[in-house]
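Residue-level structural notes
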Amino acid sequence: MTTSARERPPSLEVRDLDKRFGSVQALSRASVQFRSGRMHALLGENGAGKSTLVKCVMGYYRADRGTILVDGTEREIRSPLQSRALGLGMVYQHFTLVSQMTVAENLILGRAHLPAVIDWRSEHRLLGEFMRGMAFRLDTGALVASLSAGEKQKLEILKQLYLGRRFLVLDEPTSVLTPDEADQVLGEMRTLVDRGMLTVVLITHKFREVMRFAQDVSVMRGGRVLLTTETAATSVDALAQLMFGGDTAVGAAPAMDRTRAPGDVYCEVRELNAQGDRGTLAVADATFALRKGEILAIAGVSGNGQRELVEVLAGQREATGGSIRVDGRPYARSRREMQRYGVFLLTEEPLLNDCVRSLSVMANLALRRYDQPPIAWHGWLRRRVLRQWAEALIARYRIHASSPLARIDTLSGGNVQRTVLARELSEDVRLLILQNPCFGLDAAAAAEIRAQIAAARDRGVAVLLVSEDLDEVLELSDRIAVMSGGRIVFECERANADRYELGRHMTRSADAQPEAA
Amino acid sequence: MTGAAGIGWYGVALAIVGGALRVSTPYLFVSLGEVLTEKSGRVNLGLEGTLLMGAMTGFAGATLTGSPWLGVLAAGAAGAAFGLLHAAICNLPRVNDIAVGIALFLFGIGLAFYLGKPFIAPRAAMLPALPLGAWSDEPAVRAALEISPLFLIGAALAVALQWGIANTRLGLLLRMAGESADAARALGRSVNAIRTLATTAGGFLAGVGGAFLSLYYPGNWNEGLSSGQGLMAIALVIFARWSPLRCLWASLLFGGASALGPALQTVGVTSGYYLYSAAPYLLTLVLLVYSSSTRHALSGAPSELSISR
């Protein structure tokens, strides 16, 4: 299993890699060298070509041109099986664990040669010995479903190490972790690198992680590797300049009127309870109040009841207790009430949850308004009015679609997001509920959507921003509430917020009592 | 209550126990087969058709060879062929396992009627019974404890499957395919191959269950033989929460319910006979309503099943 820990971990070099998908040149003459026993950050925006580069190395894609050298020897890697045989491993952004199985079962399953009958006693002993040699440990008998996101990330890494892979690619490993968990996972990876056990490639867009943990860094943009250098020899400003191509406005926070005081309470949620898909209590006594003209952010690690909370507010899930009041009156989430109180929302995975996939962009834009004048006329749809109205929205929100009649699922993620936002940010919005509105977007699209949200707030809209991205929360919000184990466990003004303190509240145990600062 | 009536009611209880041991076997085999299939992430609703095909093939095999055990094997082979067919069709892209199951359910019934016509009259070599009640002088006890070896094989199989799912390579691969196809693919395992194997094995077991119907109890071949037992066994899997051992207990419960009508008849309660015969169907309804919820998914259901998503 742990093949000769004293041997040097693999080095890897790619030379002049080209890869084209249809009309998009995903990689053009990309060259980079990952040295043995180093932690190397691959920095770039979404769509810069980082994932394509490593997927070519791992054998998921075949490059159109170029060479790959492992330990100085040229290799042709045609399939993931071949990259595995060379000791190259990849830790994915999404987890590839079986949640209804134990840690031990998940580790054992990856082995090439499983015995027909498994002697669990000796396997647990061997796994225990293996864990002792690692920087982090997990209870081998625990069910994966009971692990926190950080522990799952560690298990993914342990799985690769257990299988004897000594060259690891980590694809945005900290996107689901709190700052403390991220520091811990990356710190422990760095320890293994420093012991000469591993070569690590860290795909990221977070400068903080690059400067703190990586020894080497490469910046990618538009399918090219622009620079490879030692981290100590560069600065955040220089890297940002390269990454965004000198467009400094892209990374900046949106302009907001911070001097204006928020208005009256518009939406009040008291002791709200709701069950999750498996019948457990997913939202537990959630209480908060939202004022006009403010953004209340609900921060938290994914899977702590945020999805269920938004579903209850959206009318997609029944509450088992508590009350929701909008504008001082009880709110039963009917279509009529949504229109009366101006409640609009953008949930996570909008293509799945907010759109009808097989309908056109125009039809999806009309979902809120098709039954009202001027689009509706005594029960009839006025297609010409609808078309003009849709075209105006498509132009205003710069939605790239081949035609208003194109199916919504042919659009890119950013354009789907813009389509839903165009529908939900209509003139009569008074309460806007957003869940991870910028997830998976490149920096330019994200900045644009954040600017729209900030503008809505300045117009006096009450905005509830449920987000797992702490940077986004700190950038956009006026107040921050932390959700953990279905409860609101902490609340503070943005001005007094501390990244690490918020992170600690995110991982507090579920039975902790709410407190205020 | 008088003494005579007391013995009578004791007789009813004994008859229900005996009925449970006798009638439960097809439920047990079909539900174990369905557990295997569903653990791999697919539902095979065609097992009612497979059960009837097994009954017909088993009866024909026993008639033609003179050996009931060769009949059981033939029934298993026919069931396996049906399982393989279900799996092969479901391996094609964008095919729904539920729809394929319903098609095979009807196809199996039709094919069994068509091929089984010549065997309706003769009587085949029956499976032997083990007289586990021979120690007793009471004929009621003897009758109740006359047990088919197939039941014992099924009970042993339930224990073996329960153990094997947790402790063998095949068991782990089966669960992985049913819980996360993505994880299986990321490890380079073929999800389709695992599901094909599981569905074929599940079909084999359902076929053997059918052989019990035609070769032991009721022990003949006719077209109304299975009377929905294959479908109820699938419902029973949900009630048993995908656990082979719980399938054993649930099968006994259903068998006992089926024996309620005949048992009451023995003490002279004849009114409402057909109502009592409906007991297993009623039990299915009650249990499914009881174990379902509008608020959350079923616990223990393999995540890849179409009912879980």
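Residues numbered from 1 in each chain as written. Chains lettered and ligands numbered in written order. Predicted model: local features only at pLDDT ≥ 70, side-chain atom pairs only at ≥ 80, totals over all residues. Heavy atoms only, no water.

Within chain B one finds 14 helices and two strands. Taking 309 residues into account, the globule formula puts the C-alpha radius of gyration at 19 Å, and chain B, at 20 Å, falls close to it. On the principal axes, the C-alpha backbone points of chain B span a range of 70 × 50 × 35 Å. Intrachain contacts of chain B at a sequence separation of at least 6 include 77% that bridge at least 24 residues. In the form shown here, chain B has an accessible surface area of approximately 13100 Å², with 69% of it arising from carbon and sulfur atoms. Within chain B, the 11 negative side-chain charges are centred at a point lying 8 Å from the centre of the 16 positive side-chain charges. (Helix = DSSP H or I, 4+ residues; strand = E, 2+ residues; numbered from the N terminus. Rg over C-alpha atoms; globule rule 2.2 N^0.38 Å. Contact = heavy atoms within 4.5 Å. Areas by Shrake-Rupley, 256 points an atom, 1.4 Å probe, with all protein chains shown as cover. Lys, Arg positive; Asp, Glu negative; His and termini not counted. Charge placed at Lys NZ, Arg CZ, Asp CG, Glu CD.)

All names here are of chain A. Three or more residues of helix 8 (residues 236-244) are buried, namely L239, A240, M243 and F244. End-on view of helix 8: buried residues confined to an arc of 110°, all on one side of the axis. Among the structural elements, strand 3 (39-43), helix 7 (207-213), strand 9 (216-221), strand 10 (224-230) and helix 15 (443-458) are those in contact with the buried residues of helix 8. Among the residues trailing helix 8, G245 stands out with phi positive, at a value near 65°. (Buried < 20%, exposed > 50% of the residue type's maximum accessible area, 1.4 Å probe, protein only. Arc of directions from axis to C-beta.)

Turning our eyes to something else, we now look at helix 10 (residues 229-239) of chain B. Residue and element names in this part refer to chain B. Burial runs high along helix 10: nine of the 11 residues are buried. Within the sequence span of helix 10, burial applies to Q229, G230, M232, A233, I234, A235, L236, V237 and I238. R241 occupies a position one or two residues after helix 10 and carries a positive phi of about 50°.

In this section: the packing of helix 2 (residues 47-65) of chain B against helix 10 of chain B. Residues and elements named next belong to chain B. Two elements in contact, helix 2 and helix 10, have axes separated by 7 Å at closest approach and are oriented at 135°. What the angle tells us is that helix 2 and helix 10 run oblique. The crossing of helix 2 and helix 10 is right-handed. Packed against helix 2, whose contacting residues are L47, E48 and L51, the element helix 10 presents Q229, G230, L231 and I234 at the interface. Considering only residue class, the contact of helix 2 with helix 10 consists of four nonpolar, two polar and one charged. (Axes fitted to C-alpha atoms, helices over the stretch in contact; angles between N-to-C directions. Parallel < 35°, antiparallel > 145°, perpendicular 65-115°, else oblique. Left-handed = near helix turned anticlockwise from the far one by under 90°. Nonpolar A, V, L, I, M, F, W, Y, C, P; charged D, E, K, R; others polar.)

Of the residues lining the interface, 27 residues belong to chain A; the matching set on chain B comes to 24 residues. In total, about 2100 Å² of surface goes out of reach between chain A and chain B, with carbon and sulfur atoms giving 57% of it. Seen at the junction of chain A and chain B, the total is one salt bridge. Residues of the side of chain A that touches chain B, tallied by class, amount to 12 nonpolar, seven polar and eight charged. (Buried area = accessible area lost by both parts, 1.4 Å probe. Salt bridge = Lys/Arg side-chain N within 4 Å of Asp/Glu carboxyl O.)

All names here are of chain A. Two strands pair when backbone bridges link them, and strand 11 (residues 265-275) and strand 14 (residues 321-326) are joined in this way by five bridges, in the antiparallel orientation. In the strand pairing of strand 14, N273 is matched with G321. Sheet topology note: the strand 14/strand 15 (residues 329-330) ladder contains two bridges and is antiparallel. Residue R325 lies in a different strand from strand 15, and its bridge partner there is P330. Between strand 14 and strand 15, which pair antiparallel and follow one another directly, the connecting turn spans two residues, one of which, D327, has a positive phi of 55°. (Pairing = 2+ DSSP bridges.)

Inspection of every chain in the model, using the stated rule, returns six aromatic pairs over all chains. When the ring of Y331 of chain A is compared with that of Y341 of chain A, the centres are 6.1 Å apart and the planes differ by 70°; the resulting orientation is edge-to-face. Taken as a pair, Y331 of chain A in the loop between strand 15 and helix 10 (335-341) and Y341 of chain A in helix 10 lie far apart in primary sequence, 10 residues in all. Across this residue pair, the class does not change: Y331 of chain A and Y341 of chain A are buried. Each ring, one from F82 of chain B and one from F107 of chain B, has its centre 5.8 Å from the other, and the planes form 25°; the classification is stacked. One end of the pair, F82 of chain B, is in helix 3 (residues 68-90); the other, F107 of chain B, is in helix 4 (residues 97-116), with 25 residues separating them in the sequence. It is R22 of chain B that lies over the ring of Y217 of chain B; its NZ or CZ is 5.0 Å from the centre. (Phe/Tyr/Trp six-rings, centres within 6.5 Å; stacked < 30°, edge-to-face > 60°. Lys NZ or Arg CZ within 6 Å of the ring centre and 35° of its normal.)

Time to look at the sheet that holds strand 11 of chain A. Residue and element names in this part refer to chain A. Pairing is antiparallel in the open sheet, where four strands are placed in the order 12-11-14-15. In this open sheet, the two strands that pair with only one neighbour each are strand 12 (281-291) and strand 15. Sheet analysis places strand 11 next to strand 12, joined by seven bridges and oriented antiparallel. Considered in strand 12, the bridge of E268 is made with A289. Docked against the sheet, helix 9 (residues 306-314) engages strand 11, strand 12 and strand 14, running at close to 120° with respect to strand 11.

Residue and element names in this part refer to chain A. When you tally the buried positions in strand 8 (residues 199-204), you get six out of six residues, the bulk of the element. Of the two faces of strand 8, the one lined by T199, V201 and I203 and the one lined by V200, L202 and T204 are each fully buried. The pairing of strand 3 with strand 8 spans five bridges and is parallel. Looking across to strand 8, one finds that A41 is bridged to L202. Sheet topology places strand 7 (residues 167-171) next to strand 8; five bridges connect them, and they run parallel. For V169, the partnering residue across the bridge sits in strand 8 and is V201.

The next point concerns the sheet that holds strand 1 (residues 12-21) of chain A. Residues and elements named next belong to chain A. With respect to topology, four strands assemble into an open sheet ordered 2-1-4-5, the strand pairing being antiparallel. Because the sheet does not close on itself, it has two edges, and the strands there are strand 2 (24-34) and strand 5 (73-75). Direction aside, the axes of adjacent strands within the sheet are offset by 30° on average. Direction of pairing for strand 1 relative to strand 2: antiparallel, over a ladder of seven bridges. Looking at the pairing, L17 lines up with A30 of strand 2. Docked against the sheet, helix 1 (residues 50-58) engages strand 1, strand 2 and strand 4 (65-70), running at close to 110° with respect to strand 1.

Do not read the predicted coordinates in detail wherever pLDDT is low. All names here are of chain A. Averaged over every residue, the pLDDT of chain A is 85; the share at 70 or more is 94%. Here residues 1-5 is a poorly scored stretch, pLDDT under 50, and it has eight contacts once near neighbours within four places are set aside; other chains count. In the model, residues 510-517 has pLDDT below 50 throughout and makes 16 contacts with residues more than four positions away in sequence or in other chains. (pLDDT = per-residue confidence, 0-100.)

Our focus in this paragraph is the nonpolar core. Within the largest apolar cluster, 103 residues are counted, with the highest numbers of intra-cluster contacts made by I157 and M189 of chain A. Apart from residues lying up to four places away in sequence, I157 of chain A is in contact with V91, F136, L168, L170, V185 and M189 of chain A. Counting residues in hydrophobic clusters, the runner-up holds 64 residues, among them A75, I147, A155 and A206 of chain B. (Core = buried A, V, L, I, M, F, W, Y, C linked by side-chain atoms within 4.5 Å.)

Residues and elements named next belong to chain B. At a closest axis distance of 7 Å, the pairing of helix 6 (residues 149-167) and helix 11 (residues 244-258) adopts a crossing angle of 150°. On the basis of their axis angle, the class for helix 6 and helix 11 is roughly antiparallel. Residues F151, A155, A158, V159, L161, Q162 and I165 of helix 6 form the contact with helix 11, whose own contacting residues are P244, L245, L248 and L252. For the contact of helix 6 with helix 11, the class distribution of residues is 10 nonpolar, one polar and no charged.

Another point: the domain arrangement of chain A. Residues and elements named next belong to chain A. For chain A, the domain assignment lists domain 1 (12-248), domain 2 (253-342 + 428-517) and domain 3 (360-426). Centre-to-centre, using C-alpha coordinates, domain 1 lies 33 Å away from domain 2. Taken together, the contact between domain 1 and domain 2 spans 12 residues of the former and 13 residues of the latter. Both faces combined, the contact of domain 1 with domain 2 buries some 960 Å², and carbon together with sulfur accounts for 57% of it. Linking domain 1 to domain 2 there are zero salt bridges. Put simply, domain 1 and domain 2 have two residue pairs in polar contact (both at pLDDT 80 or more) between them. (Domains from an automatic or database assignment. Polar contact = N/O pair within 3.5 Å; in protein donor to acceptor, adjacent residues only side chain to side chain.)

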